Amino acid sequence: MKTLLLNLPLFAEVTKIANDDYVGFTFFVGCMAMMAASAFFFLSMNNFDRKWKTSILVSGLITFIAAVHYWYMRDYWGAIGESPTFFRYVDWVLTVPLMCVEFYLILRVAGAKKSLMWRLIFLSVIMLVTGYLGEAVYIDQAWLWGLISGIAYFIIVYDIWLGSAKKLAVQAGGSVLKAHKMLCWFVLVGWAIYPIGYMAGTPGWYEGIFGGLAMDVIYNIGDAINKIGFGLVVYGAAVASQEKSA
Ligand SMILES: *C/C=C(C)/C=C/C=C(C)/C=C/C1=C(C)CCCC1(C)C
C-alpha cells in the first residue's frame, strides 16, 4: 500500500524540507497563506455592495494568482534548488498591474480616469521587465537594470504620494483617503523590500551589504506583506464605508 501511494504522481512530487531551508519553508507557508487569503476575499466578497465588490474580487485574484505560482515555485525549489526566477516574474507581472487597478478602483468614486490606471500599469511593467533582464538575462549589468527599474518604481511612488492620485484621494476624503494613504505606505515601504532582495541575489557593488541574505526569503516576505496586507486594507476600507452608510 505504501509503495503504491508513493508511486502515484501526486505523492512522488513531495520533497523533504530541511530544517535550515528557509527558502523552502517560506515558499510552503507563503503558498498556504495565499490560499487562505484568497478563500477569505472570495467568500466575503458578496457582503459588499457593487462599488466595493470588484475591489475585494481583485484582492482575491491577486492572492489566488500568487497561490498558484507559489505552488509551482515551492516544487521548483524542492526539485531543482534554484531561484524560480521565471515563475516569480510571471507572478509579479500579473499581480502588480492588478494592484495598480486596485488604486484606480478606490479612486474611481473621486472621478479617477482610466489614464491614471494605464500610466501606473505601464510604469509597473517597465519596473518588472527591466528587473527581470537584470536578474535573469544581463546579470553582469544587474546594477544598471536595477537602477532603471528603480527609477520606474520611484515615479510610481511620486504619482501616488504627490501626483494626480493624491489630489483625487484628498477630494474624496473619508475612508477613500484613508485607504489610499495606507496603500501609499505599502508601496513606499512594503515594495522597497524587493530591491533589497534583488541586491541580495545579483552581483554588484552592493554585494558586501546585502550579499549574505537569501533573495527568495526576502521576496517571499515581501509578497506576504504586500499581497495579503494590501488586500486587507481594501477590505478594511470596504467595511468602514459600508458601516458608515448603514
Ligand atoms: C506582489 C508582488 C509585488 C508587489 C512585487 C513588487 C516588486 C517590486 C516593487 C520590484 C522592484 C524592483 C526594483 C525597484 C529594482 C530592482 C528590481 C525589482 C524588480 C526587484
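Residues numbered from 1 in each chain as written. Predicted model: local features only at pLDDT ≥ 70, side-chain atom pairs only at ≥ 80, totals over all residues. Heavy atoms only, no water.

- With an unreviewed UniProt entry as reference, the protein chain is termed Rhodopsin, source organism Croceivirga radicis.

**Comments concerning the overall build of the protein chain**
So, point 1. Counting its secondary structure elements, the protein chain contains 12 helices and zero strands.
So, point 2. Reading the protein chain from its N end, one meets helices and strands in the order α-α-α-α-α-α-α-α-α-α-α-α.
So, point 3. A buried classification covers 47% of the 246 residues belonging to the protein chain.
So, point 4. A total of about 12,900 Å² of accessible surface is found on the protein chain, and carbon and sulfur atoms cover 70% of it.
So, point 5. The distance from the centre of the 17 positive side-chain charges to the centre of the 15 negative ones in the protein chain is 17 Å. (Helix = DSSP H or I, 4+ residues; strand = E, 2+ residues; numbered from the N terminus. Buried < 20%, exposed > 50% of the residue type's maximum accessible area, 1.4 Å probe, protein only. Areas by Shrake-Rupley, 256 points an atom, 1.4 Å probe, with all protein chains shown as cover. Lys, Arg positive; Asp, Glu negative; His and termini not counted. Charge placed at Lys NZ, Arg CZ, Asp CG, Glu CD.)

**Re the state of the cysteines**
Throughout this description, disulfide means a covalent bond between two cysteine sulfur atoms.
So, point 1. Using the criterion set out here, one finds zero disulfides in the structure.
So, point 2. Residue Cys100 stays outside any disulfide, its sulfur separated by 12 Å from that of Cys184, the closest cysteine. (Disulfide = S-S within 2.5 Å.)

**Structural notes on the pattern of salt bridges**
Opposite charge on two side chains permits them to pair, given that their charged atoms come into close proximity.
So, point 1. Per the stated rule, a full pass over the model turns up five salt bridges.
So, point 2. One salt bridge connects Asp216 with Arg88, and the closest N-O pair in it is separated by 2.8 Å. Of this pair, Asp216 sits in helix α12 (residues 215-245) while Arg88 sits in helix α5 (residues 85-107), and the two are 128 residues apart along the sequence. One exposure class covers both Asp216 and Arg88, and it is buried.
So, point 3. Close ionic contact of Asp223 with Lys227 constitutes a salt bridge, the shortest N to O distance being 3.2 Å. (Salt bridge = Lys/Arg side-chain N within 4 Å of Asp/Glu carboxyl O.)

**Considering α5**
So, point 1. For α5, spanning 23 residues, the distance from its first C-alpha to its last is 33 Å, which sits close to the expected 33 Å at 1.5 Å a residue.
So, point 2. Counting buried residues along α5, 18 of its 23 residues qualify, which places the element largely inside the surrounding structure. (Expected span 1.5 Å × (residues − 1).)

**A look at helix α8 (residues 164-172)**
So, point 1. For α8, the full list of buried residues reads Ala165, Leu168 and Ala169. What you see down the axis of α8 is that its buried residues fit within an arc of 100 degrees, all on one side. Looking at α8, the residues exposed on the side facing more than 90 degrees away from the buried face are Lys167 and Gln171.
So, point 2. Considering only its buried residues, α8 is in contact with α5, α6 (114-137), α7 (142-161) and α9 (174-190). (Arc of directions from axis to C-beta. Contact = heavy atoms within 4.5 Å.)

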